[in-house]
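Structure at a glance
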Amino acid sequence: MGAETISRVRARPVVVPMARPLRTASGSATAAPLVLFDVVTDGGVTGRSYVFAYDPALLPALTSVAGELGPGLTGKALAPGARMREFQARFRLPGMQGVAGMVVSGIEMALWDALGHLTGLPVATLLGGEPAPLRAYDSYGMIDPVQEEEALRGSVESGFRAVKIKLGHPDAARDGGLAARLQPPVRRGQRARHDRHPDGRLGGAPRPRRAGRAGAPPAGRRPDHGAGAGAGHLLGRRGGRGVHAEVLTVSGLWRKTYSAYVFGMKILVVGAGAVGGFFGGRLVQAGRDVTFLVRPKRARLIEERGLRIVGLGEDTTLHPHTVLANEITSTFDLVLVSVKAAALRSAMDDFAPAVGPGTLILPVLNGMRHIDELAGRFGERRVLGGVVMVSTTLDADGDILRLADVQSLTYGSRAGPAPDELVGVLGGAGFETRLAADIIGDMWAKWVFIAATGAVTCLMRATVGEIASTPGGVEFARAVVAECAAVAEAAGHPVPQESLGGTRRTVTATHSSLTSSAYRDLIRDRPVEVEEIFGDLVRRAHRSGTPVPLLSLVTLNLRVYQRRRA
């Protein structure tokens, strides 16, 4: 499965008459010169946006630049962050002001709109916000409230609960006086909003600025998308009375997401095996900025053959960036840890140089022991909790072989605010994602599942179906699930009945060919995560006084196996 790609970018100039003239510091306009942007994908999804050109004389230039930039996007992934980085590199010397910045703004907004249609999510959600109803405001240019009193009263009587005017007279005192005089015509209960530039200047015609400008706007000022219906206008917050009342207050979430979604997060995936290679590969397909931290042998294989995902009708070859431990020279925004538990300590030494003050660490290992090790090394607040559900393995060629159509990632904060900035980064990448409110509970539910399937298949040395179809097999499997669930409940994290029922059904399916990753390692004479999956669970059971004879048996069995192969 590949990522949705861009097939066409179209820009159309139009001039739209306005009901009343718009007066700015540059003059008076009776019509709105706009450029309408469409970004169309190979799957038939269309994202739309518009840019306000200020002067009809700019329309030919804007459409001409769009015509030059559009073909360069054809065939590339629908990934706003990655495409914006390309524009930044292209315009590094001339800059993103003026016509170029206006065109890039229009394309960027259309990319986000297309991604929203593709994922079925509001753009506000992709940017990490929460959609909320916003009341419309009536927009004026530079006016004299006394002379325009009748028009202002008409706006209020028409139902508008907020009015926006532009300020920008040479005399700042005059602007302040006009703002004060605006309230009587608007009447009590309505809100007046004044258009002010983020750099502190009172606005006339603002400098065109795109939503992707480097750096977050200063706290307390709204991002000025000036030339179009920018993505920031979709970040609704409850409680205000007018649209500008909502947008004027820049939340901490917007400051975090500003760089995360417009410029893209730098992601380091530690390990390119069956799990890390799969999820990291999907992120690469979606155009995210991904680097794999790998061992020399794996790096050579990826260089020679590419990172390949095969099975279930898929044959994908990717050529991602890779780095060795001694080659890390900068920090990353997100570190996705997907190594086996036995390799965790050495992996922490390897990726430590990639961890900066704002780095988040998302481990997707089995069990819970790894959390203590990571938090002890890098701090509680930066280490998230993660749960992946995927059925993959590495085949003899080192390719990632899909065994079942299961691919999901659940993540969340263990200590601190929710990592909202990851919503748009991890979402829309070809696998299910969920930001969990109780990630520890989700981790326990996953632990119960993998411990139960692992214990059943490893003790019996067979598939689930072979065990369940043998007399006594179903009863044995149910008893294993009951022991695992009892440990979770004693630890204060009872598994929800729906999830527990799913685990029972999984391990008692009489025609299932399912095995566990522990069993697959066992029959291939590979190391098994005995302590992380089973031993730690048994230790917790003993501390709580919970009897677990079957879990104790599988732990002993696999410890003997590990000692024999050592």
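Figured I'd write up the structure that's included with this text. (Residues numbered from 1 in each chain as written. Predicted model: local features only at pLDDT ≥ 70, side-chain atom pairs only at ≥ 80, totals over all residues. Heavy atoms only, no water.)

Here we look at the overall build of the chain
Within the chain, the secondary structure is distributed over 20 helices and 16 strands. Burial status across the chain gives 53% buried among its 566 residues. The long-range fraction of contacts in the chain, counting pairs at least 24 apart against all pairs at least 6 apart in sequence, stands at 71%. Total accessible area on the chain stands at roughly 24,800 Å², and carbon and sulfur atoms take up 52% of it. (Helix = DSSP H or I, 4+ residues; strand = E, 2+ residues; numbered from the N terminus. Buried < 20%, exposed > 50% of the residue type's maximum accessible area, 1.4 Å probe, protein only. Contact = heavy atoms within 4.5 Å. Areas by Shrake-Rupley, 256 points an atom, 1.4 Å probe, with all protein chains shown as cover.)

Side note on helix 10 (residues 296–305)
Of the residues making up helix 10, those classed as buried are R298, A299 and I302. All buried residues of helix 10 project into a common sector of 105° when viewed along the axis, lining one side. Exposed side of helix 10, more than 90 degrees from the buried face: K297, E303 and E304 are the residues found there. Check the buried side of helix 10 and you find it contacts strand 9 (307–311), strand 11 (321–323), strand 14 (385–394) and strand 15 (400–412). Two residues or fewer past helix 10, G306 is found with a positive phi of approximately 85°. (Arc of directions from axis to C-beta.)

Thoughts on the sheet that holds strand 2 (residues 27–41)
Two modes of strand pairing occur in sheets, parallel and antiparallel, and in both the strands are linked by backbone hydrogen bonds. The 3 strands lie next to each other as 1-2-3, forming an open sheet whose pairing is antiparallel. Of all the strands in the sheet, the pair left with one neighbour each is strand 1 (6–24) and strand 3 (46–52). Across the sheet, the axes of successive neighbouring strands diverge by a mean angle of 20°, strand direction being ignored. Across the sheet, helix 1 (residues 59–69) lies against strand 1 and strand 2, angled at about 160° from strand 1, the strand it touches most. Here helix 3 (residues 98–119) sits on the sheet and contacts strand 1, strand 2 and strand 3; the angle it forms with strand 3, its principal contact strand, is near 150°. (Pairing = 2+ DSSP bridges. Axes fitted to C-alpha atoms, helices over the stretch in contact; angles between N-to-C directions.)

A few points about the packing of aromatic side chains
A complete count under the given rule lists 5 aromatic pairs for this structure. Summarising the aromatic geometry, the rings of F52 and Y54 are spaced 5.1 Å apart at their centres and angled 90° between planes, so their arrangement reads as edge-to-face. Consider the rings of F351 and F378, whose centres lie 5.2 Å apart with planes at 25°: the pair is stacked. A residue pair is termed long-range when its members are at least 10 positions apart, and F351 in helix 11 (residues 344–351) and F378 in helix 12 (residues 369–378) qualify at 27 residues. When the ring centre of F332 is taken as reference, the NZ or CZ atom of K266 above it lies at 4.7 Å. (Phe/Tyr/Trp six-rings, centres within 6.5 Å; stacked < 30°, edge-to-face > 60°. Lys NZ or Arg CZ within 6 Å of the ring centre and 35° of its normal.)

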